[in-house]
There are 2 protein chains.
Amino acid sequence: MKKPDLTDREEKILRSIIETHVRTARPVSSSAVVRKRSVELSSATVRNVMRSLEEKGLISQPHTSAGRVPTDVGYRYYVDNIMQPLTLTESERAEVRGGLQRLTGDDIGSVAAGVSRTISEFARQLAVAVAPPVEGELIEQIRLVSLDGNRVLAVATTRTGQTRSAVLKMREHPSAADLAKAAGLVSEWLTGAPVADIEKKMKDHLGEVGHPLRDVIAGLLAGSPQIFRVRGGERIHYEGARYILSHPEFSDDAAFLGEMFDDEEALAELVRTRAGEGGVTVTIGRENSRKEMKRMSVVVGSYRVGSRFGQMGVIGPTRMRYSRLVGLVDYISEVLDDLLSERR
Amino acid sequence: MKKPDLTDREEKILRSIIETHVRTARPVSSSAVVRKRSVELSSATVRNVMRSLEEKGLISQPHTSAGRVPTDVGYRYYVDNIMQPLTLTESERAEVRGGLQRLTGDDIGSVAAGVSRTISEFARQLAVAVAPPVEGELIEQIRLVSLDGNRVLAVATTRTGQTRSAVLKMREHPSAADLAKAAGLVSEWLTGAPVADIEKKMKDHLGEVGHPLRDVIAGLLAGSPQIFRVRGGERIHYEGARYILSHPEFSDDAAFLGEMFDDEEALAELVRTRAGEGGVTVTIGRENSRKEMKRMSVVVGSYRVGSRFGQMGVIGPTRMRYSRLVGLVDYISEVLDDLLSERR
DNA sequence: TCTTAGCACTCTCATTCAGAGAGTGCTAAG
DNA sequence: CTTAGCACTCTCTGAATGAGAGTGCTAAGA
C-alpha cells in the first residue's frame, strides 16, 4: 500500500509541485520549483527528477510543453507520506469549540446541521454532516399526551437521552386515564428494546389487550414510522454549496452536483462509506466510487454519540488544502467526541 | 400597464416566436415562423412584422444576421395578453392531488417540503415552498411533560391545530404536580394570544407566582425560542437543484445559485415578495430585484392556512413554458386551499 | 557519476484570414 | 399591402501564422 520508494529529493519536489499547484491552479514548471527555493538545484536537474516522478505516475503533463500537475496517485502519496495535518490557530480552535458548544443542547439532528455549518465556514468548502442512525438506540420510555379532538402527542425517549415525538390521529377521543394506561403498558413492552424492533414488539403484544386501550395502541403503532423513521432531511445536512459551485472547473459537473443536492441520501453515502470509526479518511479523485467525482476529493471524519457514529466531512476539488482540511476535520471530531460524551 | 397596441397578426407572430424559441433555445428566423404555419404569409412579410415587433421592444436580434429572440418585455406581453394557463391532464391532476393529499396529515413544515417536491417533479424546474409564518398563530394550550432528569418536554398547540414542541432543561427536577400546575397557569395566560407575544406575556405574569412554579415557568420562558422561533430550514424547502444547475446557460450563474441554496432566506424572499394573496404571479428576467437573475423567471402562487399565507413557486430560465407552469402552480394552490381548509 | 548550460523541439494560445451559411433589409414589381 | 429577388452583414469554422512556455536531450564541467 505504501510507496516509500521516493528519494528525499523527489519528495521535496513533489511537495513543492503540489503546494504551488494548489495555490495557483496551474501546471507547475521546473523553473517555478526552483524559484520557490524548495531545492538548491538548477531547473534542468529538477526536470530530470520530474521525469522520474512522472514515470512513477505521481505527476503528469497536460500536454507536451506545459508544466506538471499532480495525479490522484501523487496527491495520495502526499497525503499518506508527506503532508502533516495543520493545527488550527489558538483563536480558531476557540471559535470552533465555542460554536459547537452552543449546539450540544439541541437534538442530535440540529447538532449535525450546526456541524456542517461550522465545517463549511472554516473549510470554505461544501460540508456534509450525517447524524448517527436512530435504529440502534434503545427505548427508555413512551409517553402519550392528549391534544385536542382525536389527536395525541406521542413522545419517546431513548437511553442516550434523545427525544422524538409525533402527533397521532386516533379513531376516537381517548380518555386521559386510558392514555396513561396505554403508555405504561407500551413502555413496559418496549423499554430497553432497540428502535428497530418496536413495530414488531407492539404487534406481538397487541393481542394481549382489550377494547379501549387496544385502539390507542393500534393508533400508536400506525404512527410509529412518523416517530422513528427519521427522514433524511433531519439526519443529513450540508452547507456551502456556493463554494463548490463557484469553482469554474466544476461548471461541467453542475448537473451532477445538482443531483447530489436533491438526493441527500446519495450525498450522505459519500461521507458514510469512507468514514472509519475514528481518524480522518481522505478519498481522492478517481478513488471515489462515482466517476463524476473524478476531480473531487472527500475528507471525512466521524463522531460518536452513545454507541453509534455520525459522520462529517468536506467535498471539494482534488486541488484542495489537504493539510488544513484534515487538521480541521480531526479537530472537530475531537471536540465533538468531547462535548457529546458529556451528555449523560 | 397593458400594451394592447399589437395587431392580431403581430400577436400571432410574437406567439410563434416565443413558443418555438422556448422549444429550440435558438433565435427564430422569419422562415421558421412561416414553416410553423402560424400565419399564411411569406417570410418577407413576416420580416416586416418582426421589424415592427423589434421597434416596440418585444423581440431582439443577438446580432445583425440572426433570427429574433424574445425580450423580457416580449415575454411579459405574452404572459399578460396571449398565453392561456395550460390545464393539466386528468391523470396529472389526479397524481398531483393524490400526492398532496398524503401530506396533509403532517405538520405544516413537512407540507411545504412535499409541495416543493411535487412542484419540482411536475415542472421539472427548481421549486421553492415557504410555509406560513407561525408568529401570527394563536396559542390554544401549553402542556408540560416530565422526561428524565431535569428535562421537560413542552408542547404548544395553536388554534389552527399546529403542534410545536421542544425539550427544556430545568435547573432542578420538578414534580409532576408542579408541572401540571405550571402548565395550567401558563395556558391561562397565553390562550388566545399570538405566538409573537408569548415571551412578553410570560414575563409580565412571572412576578405573580411563587417559588416552586416560578422556576418551572422561568425554564419555559428560557426555552420558548426553541419552541416557537422556527428556523428557516423548517419553513423553507426547495427541490430540483438539478434542473436549474443542468441548464448550460446558467453555468456562469452557478456561484449565485450556490449562494441561494446556502441562504434559504434569500431564496424564500424570491417567492415571498412577489406572491399576492391568491392568483399566480410571474416575474420575468430583469423584473427580478436581483440582477444575477436577469435570465431567470419566477412563477409563484400562495396557499392559505388559517389566516396566514404560505408561498410556493418555480424558478427557471426566462425561456420557460409559462402556460404550463402558471397552470401547474394555479392548480396546486387550488388543491392546497381545498385540502388545508379541511383541517379544522 | 551527478549537475548544469544551452538549444532544438513541441505544443498551446491568440490572431488573422477566407469562405460558407444564415438571415436580414431593401427595392421593385404584382 | 404583399412578395420575389438580391445584396449585405454578421457569425462560425478551419487553416495558417507567430509568439511564448516548457520540456528533453546533449555535451561539458565538477
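Below you will find a few notes about this structure. Note that the structure is predicted; figures quoted are calculated from it, not measured. (Residues numbered from 1 in each chain as written. Chains lettered and ligands numbered in written order. Predicted model: local features only at pLDDT ≥ 70, side-chain atom pairs only at ≥ 80, totals over all residues. Heavy atoms only, no water.)

## Points about helix H1 (residues 8–24) of chain B
Residues and elements named next belong to chain B.
And then number 1: Across its 17 residues, H1 extends 24 Å between first and last C-alpha, which sits within 8% of the 24 Å expected from 1.5 Å per residue.
And then number 2: For H1, the full list of buried residues reads Glu10, Ile13, Leu14, Ser16, Ile17, Ile18, Thr20, His21 and Val22.
And then number 3: With its phi angle positive at about 70 degrees, Ala25 sits one or two positions after the end of H1. (Helix = DSSP H or I, 4+ residues; strand = E, 2+ residues; numbered from the N terminus. Expected span 1.5 Å × (residues − 1). Buried < 20%, exposed > 50% of the residue type's maximum accessible area, 1.4 Å probe, protein only.)

## Focus: the protein's contact with DNA strand D
And then number 1: Around DNA strand D, the surrounding shell holds 21 residues, and the nearest of these are Ser30(A), Arg51(A), Ser65(A), Arg9(B) and Thr64(B).
And then number 2: The contact atoms of DNA strand D, taken as those within 4 Å of the protein, divide so that sugar and phosphate hold 73%.
And then number 3: Backbone polar atom of Ala66(A) to a sugar or linking oxygen of DNA strand D: 3.5 Å apart, as the coordinates give it.
And then number 4: Between DNA strand D and Arg9(B), the relevant distance is 2.7 Å, taken from a phosphate oxygen to a side-chain nitrogen or oxygen of the residue.
And then number 5: The set of elements that each furnish at least two residues to the surface near DNA strand D consists of helix H3 (43–55) of chain A together with helix H3 (43–55) of chain B.
And then number 6: With four residues, H3(B) is the largest single contributor of residues to the surface near DNA strand D.
And then number 7: Among the residues making up the surface near DNA strand D, the classes are represented as four nonpolar, twelve polar and five charged. (Near = heavy atom within 4 Å. Polar contact = N/O pair within 3.5 Å; in protein donor to acceptor, adjacent residues only side chain to side chain. Nonpolar A, V, L, I, M, F, W, Y, C, P; charged D, E, K, R; others polar.)

## Side note on the relation of the copies chain A and chain B
And then number 1: By a simple turn and slide, chain A fits onto chain B: the slide is 0.0 Å along the axis, the RMSD is 0.1 Å, and the turn is 180 degrees. The symmetry that links the two subunits is that of a two-fold axis. Using C-alpha coordinates, one finds that chain A approaches the rotation axis most closely at Ser251(A), a distance of 2.9 Å.
And then number 2: Both copies contact each other with a shared surface, as 100% of the interface residues of chain A are interface residues in chain B too. (Least-squares fit on C-alpha atoms with pLDDT ≥ 70 in both. Contact = heavy atoms within 4.5 Å.)

## Here's the deal with the interface of chain A and chain B
And then number 1: Between chain A and chain B, the contact holds 36 residues from the first and 36 residues from the second.
And then number 2: The tally of links from chain A across to chain B stands at two salt bridges.
And then number 3: A salt bridge links Asp262(B) to Arg242(A); the shortest N-O distance between them is 2.4 Å.
And then number 4: Contributing elements (two or more residues each) for the side of chain A that touches chain B: strand S4 (139–146), strand S5 (151–158), strand S6 (163–169), strand S7 (236–239), helix H11 (241–245) and helix H12 (254–262) of chain A. (Salt bridge = Lys/Arg side-chain N within 4 Å of Asp/Glu carboxyl O.)

## Structural notes on the sheet that holds strand S10 (residues 308–317) of chain A
Residues and elements named next belong to chain A.
And then number 1: Taken in spatial order, the five strands of this open sheet run S7-S3-S10-S9-S8, and their pairing is antiparallel. In this open sheet, the two edge strands, each paired with only one partner strand, are S7 and strand S8 (281–284). Across the sheet, the mean angle from the axis of one strand to that of its neighbour is 15 degrees, orientation sign disregarded.
And then number 2: The pairing of S8 with strand S9 (residues 296–305) spans four bridges and is antiparallel. When the bridges of S9 are listed, Ile284 appears paired with Ser297.
And then number 3: Helix H6 (residues 108–123) rests against strand S3 (126–130), S7, S9 and S10 of the sheet, and its axis sits at about 25 degrees to S7. (Pairing = 2+ DSSP bridges. Axes fitted to C-alpha atoms, helices over the stretch in contact; angles between N-to-C directions.)

## Focus: the pattern of salt bridges
And then number 1: According to the stated counting rule, one finds 32 salt bridges over all chains in the structure shown.
And then number 2: Ionic pairing is found between Asp204(B) and Lys200(B), a salt bridge with its closest N-O pair at 3.3 Å. In this pair, Asp204(B) and Lys200(B) both sit in helix H8 (residues 198–206), four residues apart, roughly one turn of the helix. Each of the two residues, Asp204(B) as well as Lys200(B), counts as exposed.
And then number 3: Among the charged side chains, a network of salt bridges with common partners joins Arg76(A), Asp80(A) and Glu287(A).

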